[in-house]
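This is what each chain is made of:
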Amino acid sequence: MEKTQKDHLEDTLDELVEDKLTRFKDKLGETTFQGRKIAKGKLQKATTLEVASLLISTYTKKYAAENTVSILRAINEVDLAKELEKKTGAVVNMVGLESSPPHAGVPGEVEEVIEDPVSLLRTHKVRLIEVLCIDPSPAVQEAHSKGLLSDRKYRNIRSINDPSEKIEELLDFIMGKGSGAAQEFIDLLRKLQDDFPTLPAELLGVNRN
């Protein structure tokens, strides 16, 4: 059966870890869309299903997804926002969104170019699968404890029987969450070097010579 707008909203909210869901509710309760605002009291203890229902009943199906995308972007969940846009066809006006100011380097200084964390993970993906599939549990558990995986996604990955597929699903999900999550995962891998000494040195930024 084809998923409804409400299903897509609930699925998206289910991907948020607890603290991010709290931030989403707080931001939603502070923001006025189409001249309406959901009271914070209604959102505080609401489940993801209840939040999805409030979004639709308050803003109608036409605007519920668009407003959800706007809030997701405001709390830096850009990849989830893009995914919801694709699923629902929501179109959000990006004018007025703030961006980080450009870095002002010291005159005459050559600024170090740092490769994007997502690109780094993608470059070393095959090797990471080979190394981590020996025992996927530490990486999966650490990612969950650091808030990179929601409870639902954690259970989903743990249910995969093939170790290689388990790590591949973990990596794809982390990369899909964007640069911030990818960098946190790389930092996490540095802590697992003793358990996995053959992790790519280039990825971790260590010198083994």
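Up top you'll find the structure we're talking about.
Values in this document were obtained by computation on a predicted structure and should not be read as measured data. (Residues numbered from 1 in each chain as written. Predicted model: local features only at pLDDT ≥ 70, side-chain atom pairs only at ≥ 80, totals over all residues. Heavy atoms only, no water.)

Side note on the overall build of the chain
Our working definition: Note on conventions: DSSP H or I runs of at least 4 residues are helices, E runs of at least 2 residues are strands, and numbering of each starts at the N terminus. Here, residues are in contact when the closest pair of their heavy atoms is within 4.5 Å. Per-residue and other accessible areas follow the Shrake-Rupley method at a 1.4 Å probe size, with only the shown protein chains counted as cover for residues.
Counting its secondary structure elements, the chain contains twelve helices and zero strands. Put simply, the chain runs from its N terminus to its C terminus through helices and strands in the order α-α-α-α-α-α-α-α-α-α-α-α. When contacts within the chain are restricted to residue pairs at least 6 apart in sequence, those whose partners lie at least 24 apart make up 61%. For the chain, the accessible area works out to roughly 12,400 Å², and carbon and sulfur atoms hold 48% of it.

Considering the side chain of K25
Worth spelling out the cut-off: Relative accessibility decides the category of a residue: with a 1.4 Å probe and only protein chains considered, values under 20% of the type maximum give buried, values over 50% give exposed, and everything between is partly exposed. Working convention for charge: Lys and Arg count positive, Asp and Glu count negative, and His plus the chain ends are omitted. What counts as a salt bridge is simple: a side-chain nitrogen of Lys or Arg found within 4 Å of a carboxyl oxygen of Asp or Glu.
Within the secondary structure layout, K25 lies in helix α2 (residues 18–30). E50 provides the closest opposite charge to the buried, unpaired K25, separated from it by 7.1 Å.

A short note on helix α9 (residues 151–158)
The cut-off we apply is this: The directions from the helix axis to the C-beta atoms are what the arc is built from.
Along α9, the residues classified as buried are K153, Y154 and I157. Buried residues along α9 cover an arc of 105 degrees about the axis, so they all sit on one side. Of the surrounding secondary structure, the elements contacted by the buried residues of α9 are α8 (137–145) and α10 (163–176).

Examining the packing of α2 against helix α4 (residues 48–74)
This is how it is decided: Fitted lines through C-alpha atoms serve as axes, helices being fitted only where they are in contact, and the angles separating the N-to-C directions of these axes extend from 0 to 180 degrees. Any angle between 65 and 115 degrees counts as roughly perpendicular, while under 35 counts as roughly parallel, over 145 as roughly antiparallel, and the rest as oblique. Amino acid classes used here: Ala, Val, Leu, Ile, Met, Phe, Trp, Tyr, Cys and Pro are nonpolar; Asp, Glu, Lys and Arg are charged; the rest, including Gly, are polar.
It is at 11 Å that the axes of α2 and α4 come closest, and there the two elements cross at 100 degrees. The angle between α2 and α4 falls in the class roughly perpendicular. Residues L21, F24, K25, K27 and L28 of α2 pack against T48, V51, L55, Y59, T68, I71, L72 and A74 of α4. Broken down by class, the residue content of the contact of α2 with α4 amounts to nine nonpolar, two polar and two charged.

Re the packing of α8 against α9
The N-to-C vectors of α8 and α9 enclose an angle of 175 degrees; their axes lie 10 Å apart at closest approach. As far as their axial angle goes, α9 and α8 are roughly antiparallel. Residues V140, Q141 and H144 of α8 form the contact with α9, whose own contacting residues are D151, Y154, I157 and R158. For the contact of α8 with α9, a count of residues per class yields three nonpolar, two polar and two charged.

Here we look at the nonpolar core
Selection criterion: Joining through side-chain atoms within 4.5 Å is the link that ties buried Ala, Val, Leu, Ile, Met, Phe, Trp, Tyr and Cys residues into a set, and such a set is a nonpolar core.
Among the nonpolar cores identified, the biggest contains 31 residues, and L121, L170, F185 and L189 are the most heavily contacted of them. Listing elements by their share of this core, those giving two or more residues are α6 (117–123), α7 (125–132), α8, α9, α10, α11 (179–191) and α12 (201–204). Here L121 is in contact with L128, I174, M175, A182, F185, I186 and L203, once residues within four sequence places are set aside.

Quick word on α10
Side chains that are three or four residues apart share a direction in an α-helix, a result of its 3.6 residues per turn. What counts is decided by this rule: Multiplying 1.5 Å by the helix residue count minus one yields the expected span of that helix. Here a polar contact is recorded for every N or O atom pair within 3.5 Å, except that within protein the pair must consist of a potential hydrogen donor and a potential acceptor, and residues adjacent in sequence are included only if both atoms are side-chain atoms.
Between its first and last C-alpha, α10 extends 20 Å over 14 residues, near the 20 Å set by a 1.5 Å rise per residue. Those residues of α10 that sit buried are K166, I167, L170, L171, F173, I174 and M175. Its side-chain oxygen at 3.0 Å from the backbone nitrogen of S164, D162 defines the N-terminal cap of α10. Of the residues trailing α10, G178 is marked for its positive phi of about 105 degrees.

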